[in-house]
Amino acid sequence: MEITAKQIADFIQGRVEGDENAIVNTFAKIEEGKAGAISFLSNPKYLHYIYETKSSVVLINEDVVLEKSVKPTLIRVKNAYESVAKLLQLYESMKPKKKGIDSLAFVSPSAKIGEDCYIGAFAFIGDNVEIGNHTQIYPHTVVEDGAKIGDDCLLYPNVSIYHDCRLGNRVTIHSGTVIGADGFGFAPNADGYDKIPQIGIVVIEDDVEIGANTCVDRSTMGSTIVHKGVKLDNLVQIAHNVEVGENTVMSAQVGIAGSTKVGSWCMFGGQAGFAGHIKVGDKTFVGAQCGVNSSLKGNETVIGSPAMDAKQFFKSSVLFKKLPDIYKQLNDLQKQVDELKHQQQ
């Protein structure tokens, strides 16, 4: 596909500086630019690349001031990162989608398959499964009995959807992810542990994307719920009976223990961990490797383990570095006090 700078600017509501007829047919990072490519600049650390890039067109923020002239045509926009995301979405949407059921797939006679779906080789679709229109299910993915999947979903290879779970519309799930495995429920007894049957389900609402090798466990009773617009990275663990609010995002290796309720528009850094049976309010920002063991009200930023206010954490970290010197000073002071006491006796 070839497109001009002017056509791009019209689509993303930008302003062209340079040749509005410059043609692009691919994307490239600004430091790896080449003729016919479009790049973007949003991080000031990469500003120097704009003077040497070979890309034909570069998206750039409106407020960026250049020290000298540049070779590529520029398209100035309010937010270059958001604009390139829109272009990539357009590019992705124009790719032809697979359709049809592969002869090597198994589809139960009682399953209901929507229009223009794709089911790849060695995929398994169980009894009474319902799959909406335009959904794509790639090879070796398993959808167990009674599960329901909405329209325009994309399940990559080796995804497992356990029985009776529910997926909304436009859900994307990457390879190796498991939706609906048993929650971690065991009751100790004199001989070991009795397994507590997990008879609930998982509900994934619309426009959720889940990365590779992530697990969302089914509830003991009721539902584990991931609300609409949530984005989960690779290797995230969502335990039984957890509820994740709308548009919350989690980086890799975040773990949420059972029955915790997470609010909307939260952001969790990598390897953050959350105790069970707590509540995390809306718009909570949790730093990487943070340990959250009690409820958070929301509209706050926490870091550290145990979690604390970010400002307090940074003050404490400065003191932590000085602890060896402080300890030495305390020992010296203690010796002086002991000497003074000895002199007074």
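Okay, so let's go over this structure. In this convention, every chain numbers its residues from 1, walking through the sequence in written order. For a predicted model such as this one, the threshold for reporting local features is a pLDDT of at least 70, and the threshold for listing and counting side-chain atom pairs is 80 or more; totals across whole chains, interfaces and linings nevertheless cover every residue. To obtain the side-chain values, all non-hydrogen atoms of the structure were included, while hydrogens and water were left out.

**Some words on the sheet that holds strand 4 (residues 26-27)**
Okay, step 1: In space, the five strands of this open sheet follow the order 2-7-6-5-4, with mixed pairing throughout. Only two strands of the sheet have a single partner each, and these edge strands are strand 2 (15-17) and strand 4.
Okay, step 2: When DSSP finds two or more bridges between two strands, those strands count as paired. Runs of E in the DSSP output that reach at least two residues are strands. Runs of H or I that reach at least four are helices, and both are numbered from the N terminus. Sheet topology note: the strand 5 (residues 37-41)/strand 6 (residues 57-61) ladder contains four bridges and is parallel. Each bridged residue has a counterpart across the sheet, and for Phe40 the counterpart in strand 6 is Leu59.
Okay, step 3: Contacts are residue-level and defined by heavy atoms, with any inter-residue pair within 4.5 Å sufficient. An axis is simply a line fitted to the C-alpha atoms; with a helix, the fit covers only the stretch in contact. Between two such axes, the angle follows the N-to-C directions and lies from 0 to 180 degrees. Sheet strands touched by helix 1 (residues 5-12): strand 2, strand 5, strand 6 and strand 7 (73-77). Its angle to strand 7, the strand with the most contacts, is close to 5°.

**Comments concerning the sheet that holds strand 14 (residues 136-137)**
Okay, step 1: Ordered by their spatial adjacency, twelve strands build an open sheet running 8-11-14-17-20-25-28-31-34-37-39-40, and the pairing between neighbours is mixed. The sheet is open, and its two borders are formed by strand 8 (100-101) and strand 40 (308-309), each paired with just one other strand.
Okay, step 2: Two elements, strand 34 (residues 267-268) and strand 37 (residues 285-286), share two bridges in a ladder whose sense is parallel. Residue pairing for strand 37: Phe268 is matched across the bridge by Val286.

**As for the layout of surface pockets**
Okay, step 1: Taken as a whole, the largest pocket spans an internal volume of roughly 940 Å³.
Okay, step 2: Lining the largest pocket are 25 residues, with Glu92, Ser93, Leu154, Tyr156 and Thr172 sitting closest to its centre.
Okay, step 3: Roughly 190 Å³ of internal volume is contained in the second largest pocket.
Okay, step 4: What lines the second largest pocket is a set of 13 residues, among which Lys29, Ile30, Glu31, Phe40 and Leu41 lie closest to the centre.
Okay, step 5: Contributions of two or more residues to the lining of the second largest pocket are made by strand 5 and helix 2 (80-93).
Okay, step 6: For the lining of the second largest pocket, the element with the most residues is strand 5, which contributes three residues.
Okay, step 7: Amino acid classes used here: Ala, Val, Leu, Ile, Met, Phe, Trp, Tyr, Cys and Pro are nonpolar; Asp, Glu, Lys and Arg are charged; the rest, including Gly, are polar. Here the lining of the second largest pocket is composed, by residue class, of nine nonpolar, two polar and two charged. Cavities and pockets are found on a 1 Å grid laid over the protein atoms alone: a cavity is a set of points where a 1.4 Å probe fits but cannot escape, a pocket is an open set with protein on both sides within 12 Å along at least five of seven lines, and a lining residue has an atom within 4 Å of such a point. Grid points are joined across faces, edges and corners, and a volume is the space filled by probe spheres set on the points.

**Digging into helix 1**
Okay, step 1: Buried residues are those whose accessible area, probed at 1.4 Å on protein chains only, stays under 20% of the maximum for their type, while exposed residues exceed 50% and partly exposed ones sit between those limits. Looking only at helix 1, the buried set comprises Ala5, Ile8, Ala9 and Ile12. Along the axis of helix 1, the buried positions cluster into a sector of 100°, meaning they face one direction only.
Okay, step 2: Gln13, located one to two residues past helix 1, shows a positive phi value of around 60°. For this quantity, the arc is that covered by the directions from the helix axis to the C-beta atoms.

**Some thoughts on the pairing of strand 5**
Okay, step 1: Counting buried positions along strand 5 yields four of five residues, so the element is predominantly enclosed.
Okay, step 2: Bridge count between strand 4 and strand 5: two bridges; the pairing is parallel. Within strand 5, the residue paired with Thr26 across the bridge is Ala37.

**Here's the deal with the side chain of His240**
Okay, step 1: Examined against the element boundaries, His240 turns out to sit in the loop between strand 29 (237-238) and strand 30 (243-244).
Okay, step 2: Here a polar contact means two N or O atoms within 3.5 Å. Within protein one must be a hydrogen donor candidate and the other an acceptor candidate, and residues neighboring in sequence count only if both atoms are side-chain atoms. Within the local environment of His240, its side chain forms a polar contact with the side chain of Thr220, the two groups lying 3.0 Å apart.
Okay, step 3: Beyond its immediate sequence surroundings of up to four residues, His240 is in contact with Gly183, Phe184, Gln198, Asp217, Arg218, Ser219, Thr220, Thr224, Gly258 and Ser259.

**Re the state of the cysteines**
Okay, step 1: The definition used for a disulfide is geometric: two cysteine sulfur atoms within 2.5 Å. By the definition in use, this model includes zero disulfides.
Okay, step 2: The thiol of Cys117 is unpaired, and the distance to the nearest cysteine sulfur, on Cys153, comes to 9.3 Å.
Okay, step 3: By relative accessible area, Cys117 is classed as buried at 6%.
Okay, step 4: Lacking any disulfide linkage, Cys165 is separated from the closest cysteine sulfur, that of Cys215, by 12 Å.

**Some points on the pairing of strand 22 (residues 186-189)**
Along any regular strand the residues' side chains alternate between the sheet's two faces.
Okay, step 1: With four bridges connecting them, strand 22 and strand 23 (residues 192-195) associate as antiparallel partners. Within strand 23, the position partnered with Ala187 by the bridge is Asp194.
Okay, step 2: Linkage of strand 22 to strand 23, two consecutive antiparallel strands, is achieved through a turn of two residues.

**Overview of the side chain of Thr260**
Okay, step 1: Tracing the backbone through its elements, the reader meets Thr260 in the loop between strand 32 (255-256) and strand 33 (261-262).
Okay, step 2: You can call Thr260 buried: its relative accessible area is 0%.
Okay, step 3: One polar contact links the side chain of Thr260 to the main-chain amide nitrogen of Ile278, over a distance of 3.4 Å.
Okay, step 4: Setting aside residues up to four positions removed in sequence, Thr260 forms contacts with Asn241, Val242, Glu243, Ala275, Gly276, His277 and Ile278.

**A closer look at the nonpolar core**
Okay, step 1: We call a set of buried Ala, Val, Leu, Ile, Met, Phe, Trp, Tyr and Cys residues a nonpolar core when their side-chain atoms join them within 4.5 Å. Counting 49 residues, the largest nonpolar core has Ile161 and Phe268 as its most contacted members.
Okay, step 2: Sequence-distant contacts of Ile161, defined by excluding residues within four places in its chain, comprise Val142, Val143, Glu144, Ala147, Leu155, Leu167, Ile173 and Ile179.
Okay, step 3: Formed by 15 residues, the second largest nonpolar core is a distinct cluster that contains Ala5, Ile8, Ala9 and Leu59.

**Remarks on the pattern of salt bridges**
Okay, step 1: A pairing counts as a salt bridge when a side-chain nitrogen of Lys or Arg comes within 4 Å of a carboxyl oxygen of Asp or Glu. Per the counting criterion, the structure on display carries nine salt bridges.
Okay, step 2: The residue Lys95 makes a salt bridge to Glu92 at a minimum N-O spacing of 3.5 Å.
Okay, step 3: Using a relative accessible area of 45% as the deciding quantity, one classes Glu92 as partly exposed.

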